[in-house]
Amino acid sequence: MGSRALIIGPSRYTEGSGLQDHESIARSARMYGEVLGEDERWGAENVEVLSEDRLGSVIDVMEAVKRAADEAGREPESTLLIVYIGHGIYWNDVPGGAEVHFAVGSSRRHEPYTWLSSWYVYHAMRKSEAKRKVLIADCCYSNRLGHLGGEPGGAAPEDAEGIMNGVLRAEHDSSCVFTAANEDPRVEAAGCTGPILDESLRGCTPFSAHLLNVLKRGTADHEDVLTIGMIRDAAERDMIACRRHKNTLRMVLNDAREYMPLFSNRSTTDERATEHPNPTEPEGWVDLMLTETGVSFEPLLDDPEKAGRVVALLSRRPEPLARRRAEKIAESADERFREAEQFARFWNSSRPQTLVA
């Protein structure tokens, strides 16, 4: 398949750097290597975890990034995956200040030139001939990372917040960015010990722990592969179910579509066949949709008023997953409720102002 994955996880920094060491970073990097190495779509021979002695400088890390980018093949299913776990920072007063910077072993907190610019990583990924390019960033300020797409020769446009979008695009390629930071740029680094995690993943950074939990266990969706949309939704459900974290992941798509396959679905046939009893109350439907995979909301549409109330409840939730679920139900309701009376019942119940506090 010609795919290559590179895991970058500097967990120790030079004395006086002002950066805190985190064993959770090293553990997360190791577990990415193990989980991807066991995935038949990847395999250990296509996954490299940089050891601590190769994380000391920007040059060391970038040489590894460039090598992975060069080795990724041109086959239709080829994927270049770069995973970064560590400290991230963002300076407003540095030239090209829209760049996020990644720490390496020799980085010093207040010295921008000792950090790895995300644009260097983007540049190397741009030159790769892999058909799919994915960046996973588990670090502070990763929410400021732009799309992996954009015109190769032109300046990247800024969005409403001044964040540079469209950094790289190659013809026929697809790209995706998963980030640990969402609205809040700060990311938890202390290892998560949530009971819903596979035991081997406890102690990893929260974002990586729950993302890896999905990759290791799979989901109840009736598919043999995990697409990027499935991964995003399942990992967010995992973090919500843990009830220990305020932040949820973010995903930036460029040419990629949500149905682009990326990892194997490692759940068993029996696990995928699991059926959840349909809740009787709207609140139960909300809880189910935010904590379980493979849930069909078609039975919900048998009751227009209940479906509308579920949409209203989901719309009030802060999680992006809740908003996506509300939009999906509303789209289905538009198709399902062809009779004016049915649609009116749904619409009236779906308006937030109809809810009683």
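A brief look at the structure comes next. From a predicted model like this one, the values you see are computed outputs, not experimental measurements. (Residues numbered from 1 in each chain as written. Predicted model: local features only at pLDDT ≥ 70, side-chain atom pairs only at ≥ 80, totals over all residues. Heavy atoms only, no water.)

For Asp233, the position within the fold is in helix α5 (residues 228–242). Judged by relative accessible area, Asp233 falls into the buried class, the value being 9%. Excluding its chain neighbours within four sequence positions, the residues that come into contact with Asp233 are Leu321, Arg324 and Arg325. (Helix = DSSP H or I, 4+ residues; strand = E, 2+ residues; numbered from the N terminus. Buried < 20%, exposed > 50% of the residue type's maximum accessible area, 1.4 Å probe, protein only. Contact = heavy atoms within 4.5 Å.)

Turning to the sheet that holds strand β10 (residues 250–253), a few remarks are in order. On the basis of which strands lie adjacent, the open sheet formed by 6 strands has the order β2-β1-β3-β7-β8-β10 and mixed pairing. A single partner strand is all that each edge strand has here, and the edge strands are β2 (47–49) and β10. Each adjacent strand pair in this sheet contributes to an overall mean axis angle of 10°, direction not counted. In the sheet, strand β1 (residues 4–8) pairs with β2 via 3 bridges, with the strands oriented parallel. Paired with Ile7 across the bridge in β2 is Val49. Sheet strands in contact with helix α4 (residues 206–217) are β3 (79–85), β7 (132–138) and β8 (174–179), and its direction is about 135° off that of β7. (Pairing = 2+ DSSP bridges. Axes fitted to C-alpha atoms, helices over the stretch in contact; angles between N-to-C directions.)

On to the pairing of β7, then. β7 sits mainly inside the fold: 7 of its 7 residues count as buried. Judged by which residues are buried, β7 turns out to be covered on both faces: Arg132, Val134, Ile136 and Asp138 on one side and Lys133, Leu135 and Ala137 on the other are all buried. Inspection of the sheet shows β3 paired to β7 by 7 bridges, in the parallel sense. Residue Ile85 lies in a different strand from β7, and its bridge partner there is Asp138.

Looking now at the environment of Ala189. The topology assignment puts Ala189 in the loop between β8 and α4. Apart from residues lying up to four places away in sequence, Ala189 is in contact with His22, Ser24, Thr205 and Pro206.

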